[in-house]
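# Reading the structure
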Amino acid sequence: MARDLGLDEVVDHFTLNSEETGWLRDKTGATRLGFAVQMKFLAWRGRFPRMRLELPRDAVDHVARQVGVDTGELAAYDFTSRTAQRHRTELRELTGWHECSRAAMVKLTWWLVDEIWHDERREEPIRAELLKQMRTDLIEPPTADQVTIIVRSALHQAEERATSEVADRLARAEGCTQRLDALVFTDVADDQGDVAEGGGDDEAEDVEAVLSQIKAHPGNVSLNSLPRPAPRRPGRTVPGRGRRTSLRRRSRSG
């Protein structure tokens, strides 16, 4: 079984209320305990346990005492059996939780686009936000691969929306083309005062793109951006080192 949660968390997440106790009325033994454990695990993690090893031992003990069943009875409850699947269907009807359908995935993708299109582009925070919203909507998370598909689809659509928004704003802006030209192209020689106005044919106006300057910048410090030392010639010694070595040898021989 999983590691113990501790008394506070066990009491908070695995204590049955009167309504939940009533749902166990027609169940006994391992079936009663398995149903109760699945119910409280769903409320705790937002999904059903896949196997007995996921269950904290102290949580199982706490539930077992409440339902009047010995903890060892859980060994007879197969979480992959038809009985366990029937219990999950019953619990969905009782609690309002539901599986993530294709329609729900589409709805969550569009919700995610609305949330992230203007600023967030990192997968992990987006994944956490998605799982949080699924819990709010009482949706059981799909597989990890399906969650990744939702996140990456939302990222792609958010990027397209942001690009479209920028293009629309630029199209509506007055004098957009001239302002973009002024941003991208600058007279570098003029800015530095190297070329005077009205210069002769010998000194042509040097116009360089700002974007080219940015691309030429070495960027963040890395091994690739550091200057490489000149290769040392064979047999070359550092000045003074050979002499010190010879003096040391003389002192030893003396």
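Owing to the predicted nature of the structure, the values given are computational and were not obtained by experimental measurement.

### So, the overall build of the chain
- A count of helices and strands for the chain gives 12 helices and 4 strands.
- Across the 254 residues of the chain, 31% fall into the buried class.
- Looking at the chain as shown, the accessible area adds up to about 18000 Å², and 50% of this sits on carbon and sulfur atoms.

### Some thoughts on the pattern of salt bridges
- Within the structure shown, the criterion is met by 12 salt bridges.
- Here arginine 47 and glutamate 54 are joined by a salt bridge, their closest N and O atoms 2.7 Å apart.
- Notably, a salt bridge pairs arginine 92 with glutamate 99, separated by 3.8 Å at the nearest N-O pair.
- Assessed through its relative accessible area of 17%, arginine 92 is described here as buried.

### Some thoughts on the environment of histidine 98
- Structurally, histidine 98 can be placed in strand β1 (residues 98–99).
- Along the sequence, histidine 98 and proline 141 sit 43 residues apart, while their C-alpha atoms lie 9.4 Å from each other.
- Filtering out sequence-adjacent residues up to four positions away, histidine 98 remains in contact with Arg92, Asp137, Leu138, Ile139 and Glu140.

### Points about the confidence of the model for the chain
- For the chain, mean pLDDT is 81; residues scoring 70 or higher make up 71% of the total.
- When pLDDT is averaged over each helix and strand of the chain, the minimum, 46, is found for helix α10 (residues 188–192) and the maximum, 96, for helix α5 (residues 82–95).
- Between residues 188–196, whose pLDDT stays under 50, and residues either more than four places distant or in other chains, the model counts 8 contacts.
- This stretch, residues 198–207, has a pLDDT under 50; its non-local contacts, to residues over four places away or in other chains, come to 6 contacts.

So, how was this worked out
- Residues numbered from 1 in each chain as written.
- Predicted model: local features only at pLDDT ≥ 70, side-chain atom pairs only at ≥ 80, totals over all residues.
- Heavy atoms only, no water.
- Helix = DSSP H or I, 4+ residues; strand = E, 2+ residues; numbered from the N terminus.
- Buried < 20%, exposed > 50% of the residue type's maximum accessible area, 1.4 Å probe, protein only.
- Areas by Shrake-Rupley, 256 points an atom, 1.4 Å probe, with all protein chains shown as cover.
- Salt bridge = Lys/Arg side-chain N within 4 Å of Asp/Glu carboxyl O.
- Contact = heavy atoms within 4.5 Å.
- pLDDT = per-residue confidence, 0-100.

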